[in-house]
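# Examining the three-dimensional arrangement
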Amino acid sequence: MKTLSKEEWKRRRRIKHYARLSVIGASFLLIIIMILWGAVSLVKKLTAGADPVWTSAGDVEITDMLLTVNDYSRPQIKMDDVTGVVIHYVGNPGATALTVQKYFQQLRITEKAYASCHFIVGLDGEIVQCIPVNEIAFASKDRNIDTIAIEYCHMDAAGECTGKTYDSLVKLTAKICKTYNLGSDDILRHYDITGADCPSYYVENQSDWDQFKADVMAAMENIEL
Ligand SMILES: [Zn+2]
């Protein structure tokens, strides 16, 4: 058996000691890296889909036409937790999404009324966003603070939502429901809040309104956030 010199024994012990230290150091470093990585992915997860300006609802593009901040249509008041989505009709047959957006935008100059909505669905099914979803719109009185407001355009004098406009309205409402975990009962007409005759056609035709809500619920499956 080979006996180690005192020097050799010390040398080996030193090597062992440093080896142990580097293992501890490497493990420590690994743990730090894992914690940092976890923190980064958590922040990413929390902020994913949290952009208050949307780019699409299903396969329909959303055009950013945000209103200039002003007291009459975009007061930049922070929205509470969203508990509902309110559907309005424009009430002016043939009016386009652009016309409606311009009307809201001009209120800062005309000072005629306090009015706006988050989204407008146009005659060709195009969607325009006027207000970020984390700010309130002036659309539904007491419920401005916790609801997203949509106005849809219509050719029909009675205010029925039809064709591409209907398809986009369904998809947009479905996206809102999915984003905020809303159910069928959280889809409201302006009428349900204030008794206003809006959207006129769906106040008159309850079964078509029920069908709209059912269509939204069915569309939620195909909406990716
Ligand atoms: Zn309304």
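Rules of the game
- Residues numbered from 1 in each chain as written.
- Predicted model: local features only at pLDDT ≥ 70, side-chain atom pairs only at ≥ 80, totals over all residues.
- Heavy atoms only, no water.
- Core = buried A, V, L, I, M, F, W, Y, C linked by side-chain atoms within 4.5 Å.
- Buried < 20%, exposed > 50% of the residue type's maximum accessible area, 1.4 Å probe, protein only.
- Helix = DSSP H or I, 4+ residues; strand = E, 2+ residues; numbered from the N terminus.
- Pairing = 2+ DSSP bridges.
- Contact = heavy atoms within 4.5 Å.
- Axes fitted to C-alpha atoms, helices over the stretch in contact; angles between N-to-C directions.
- Domains from an automatic or database assignment.
- Donors = N, O, S within 2.8 Å, 3.2 Å for Na, K, Ca; no water.
- Polar contact = N/O pair within 3.5 Å; in protein donor to acceptor, adjacent residues only side chain to side chain.
- Expected span 1.5 Å × (residues − 1).
- Arc of directions from axis to C-beta.

### Description of the nonpolar core
- Core analysis: the largest hydrophobic core is formed by 36 residues, its most contacted members being Ile 87, Phe 119, Ile 150, Leu 172, Ile 176 and Phe 212.
- Among the elements of the structure, strand S2 (60–64), strand S3 (84–89), strand S4 (119–121), strand S6 (147–152), helix H3 (163–179), helix H5 (200–204) and helix H6 (206–219) are those that each provide at least two residues to this core.
- Per element, the largest residue contribution to this core is seven residues, and it comes from H3.
- By size, the runner-up hydrophobic cluster in this structure holds 16 residues, among which are Tyr 72, Phe 104, Ala 115 and Cys 117.

### A few points about the sheet that holds strand S7 (residues 187–189)
- Pairing is mixed in the open sheet, where seven strands are placed in the order S1-S2-S5-S4-S6-S3-S7. In this open sheet, the two strands that pair with only one neighbour each are strand S1 (56–57) and S7.
- Where S3 lies against S7, three bridges are found, and the strand directions are parallel. Note that in S7 the partner of Ile 87 across the bridge is Arg 189.
- Against the sheet, H6 makes contact with S3 and S7, and its axis sits at roughly 150° relative to S7, the strand it touches most.

### Quick look at the domain arrangement of the chain
- Assigned domains within the chain: domain 1 (1–48) and domain 2 (56–222).
- A C-alpha centroid distance of 58 Å is found between domain 1 and domain 2.

### Overview of the coordination of the zinc ion
- Within the protein, the zinc ion binds to His 88 (ND1), His 190 (ND1) and Cys 198 (SG); these donor distances fall in the range 2.1 to 2.3 Å.
- Between the donor residues of the zinc ion, the gaps in sequence give the motif H-x101-H-x7-C. Highlighted residues: His 88 in strand S3 and His 190 in helix H4 (residues 190–194), separated in sequence by 102 residues.
- In this structure His 88 comes out as buried when scored by relative accessible area, which is 3%.
- On the basis of relative accessibility, which here comes to 14%, the residue His 190 falls in the buried class.

### Looking at unusual backbone geometry
- The step from Cys 198 to Pro 199 runs through a cis peptide bond, and the omega angle for that step is -5°.
- By secondary structure assignment, the location of Pro 199 is in the loop between H4 and H5.
- Backbone geometry at Gln 76 places phi at a positive 60°, although glycine is not the residue there.
- Among the secondary structure elements, Gln 76 is positioned in the loop between S2 and S3.
- Even without being a glycine, Lys 141 presents a positive backbone phi close to 50°.
- Among the secondary structure elements, Lys 141 is positioned in the loop between strand S5 (127–129) and S6.

### Observations concerning the side chain of Arg 74
- You can see Arg 74 is positioned in the loop between S2 and S3.
- On the basis of relative accessibility, which here comes to 9%, the residue Arg 74 falls in the buried class.
- A polar side-chain atom of Arg 74 sits 2.9 Å from the main-chain carbonyl oxygen of Leu 67.
- Those residues within four positions of Arg 74 in sequence are excluded, and the remaining contacts are Leu 66, Leu 67, Thr 68, Val 69, Cys 130, Ile 131, Pro 132 and Glu 135.

### Looking at the pairing of S6
- Counting buried positions along S6 gives six out of six residues, so the element sits mostly inside the fold.
- Alternating residues of S6 divide into Thr 147, Ala 149 and Glu 151 and Ile 148, Ile 150 and Tyr 152, and every residue in both groups is buried.
- Relative to S6, S3 runs parallel, the two being bridged by six bridges. The residue bridging Val 85 from the neighbouring strand is Ile 148, located in S6.
- One ladder, built from three bridges, connects S4 with S6; its direction is parallel.

### Quick word on H6
- In a regular helix each residue adds 1.5 Å, so 14 residues correspond to 20 Å; H6 covers 20 Å between its end C-alpha atoms and thus fits that length.
- Listing the buried residues of H6 in full gives Trp 209, Phe 212, Lys 213, Val 216 and Ala 219. Projected down its long axis, H6 carries its buried residues within an arc of 125°, all on one side.
- Those residues of H6 hidden inside the fold are in contact with S3, H3, S7, H4 and H5.

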